[in-house]
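Fold and contact review
Spelled out, the chains give:
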Amino acid sequence: MLKRLFPMPLHTCILLVVWLLLNDLSAGHFTLGLILAIMIPWVAAPLSDPHARVKKPLRALRYVLMVLGDIVVSNFEVANRILKPNRLLRPGLIALPLDLTGQFPLALLASTISLTPGTVSVDFSEDMKWLYIHALHVDDEQSLIQRIKTRYEAPLREIFAC
């Protein structure tokens, strides 16, 4: 019964707090904020798409820190490459075979690849079994694929148990 009335209790609390932060603290604003905080999640709940849940939060934190470190290192690598003559660059489009499943984990993988300078996720195949990636410089396609699979895909499979 309570789940039907408050389908997204965390969202309800966040909406109420944000409403009160944006308006003055009065009985009228509290009442209106509470009504909106209850009604908006109630209307939006049927539209929400269930996504994979994090099964290992500490591993997820470690993954975020690793990706942040990779972003910093990749920035220096890309800066080094673009300061050299263009003829030394070997851009490439690679097809990464995917073992990861689920829309949310796949979106995180694609976002991670795009956040890391020097690589951009281009598209998924129709069957979601391949991710196409553009790389600024490809020395060895197989080593790049293996690096992405071990460094990013494997931890995401562990985090989401998929």
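Look up: the structure comes first, before these words.
What counts and what doesn't
- Residues numbered from 1 in each chain as written.
- Predicted model: local features only at pLDDT ≥ 70, side-chain atom pairs only at ≥ 80, totals over all residues.
- Heavy atoms only, no water.
- 1 Å grid on protein atoms, 1.4 Å probe; cavity = no way out; pocket = protein on both sides within 12 Å on 5 of 7 lines; lining within 4 Å.
- Points joined across faces, edges and corners; volume = space filled by probe spheres on them.
- Helix = DSSP H or I, 4+ residues; strand = E, 2+ residues; numbered from the N terminus.
- Nonpolar A, V, L, I, M, F, W, Y, C, P; charged D, E, K, R; others polar.
- Buried < 20%, exposed > 50% of the residue type's maximum accessible area, 1.4 Å probe, protein only.
- Expected span 1.5 Å × (residues − 1).
- Arc of directions from axis to C-beta.
- Axes fitted to C-alpha atoms, helices over the stretch in contact; angles between N-to-C directions.
- Left-handed = near helix turned anticlockwise from the far one by under 90°.
- Contact = heavy atoms within 4.5 Å.

1. Focus: the layout of surface pockets
- Computed from the structure, the largest pocket encloses a volume of approximately 470 Å³.
- Breaking the lining of the largest pocket down by element, the ones donating at least two residues are α4 (57-83) and α6 (141-160).
- Looking at side-chain class alone, the lining of the largest pocket contains nine nonpolar, seven polar and six charged residues.

2. Here we look at unusual backbone geometry
- Positive phi, normally seen in glycine, also occurs at M128, with a value near 60 degrees.
- Position of M128 relative to the elements: it lies in the loop between β2 (119-124) and β3 (130-135).
- On the basis of relative accessibility, which here comes to 31%, the residue M128 falls in the partly exposed class.
- Non-glycine residue A161 carries a positive phi angle of around 50 degrees.
- Note on placement: A161 falls in the segment after α6.

3. A closer look at helix α3 (residues 27-44)
- Given a rise of 1.5 Å per residue, 18 residues ought to cover 26 Å, and the 26 Å separating the end C-alpha atoms of α3 matches this to within 8%.
- Restricting attention to buried positions, one finds in α3 the residues G33, A37 and P41. Around the axis of α3, the buried residues are gathered within 40 degrees of arc, so they sit on the same side. Turned more than 90 degrees away from the buried face of α3, the exposed residues are A27 and V43.

4. Examining the packing of helix α2 (residues 9-22) against α3
- Closest axis-to-axis distance for the α2/α3 pair is 8 Å, and the angle between their directions is 145 degrees. For the crossing formed where α2 meets α3, the hand is right-handed. Here α2 contributes H11, T12, L15, L16, W19 and L20 to the contact with α3, which in turn contributes H29, F30, L32, G33, L34, L36, A37, I38, I40 and P41.
- Split into classes, the residues belonging to the contact of α2 with α3 amount to 12 nonpolar, four polar and no charged.

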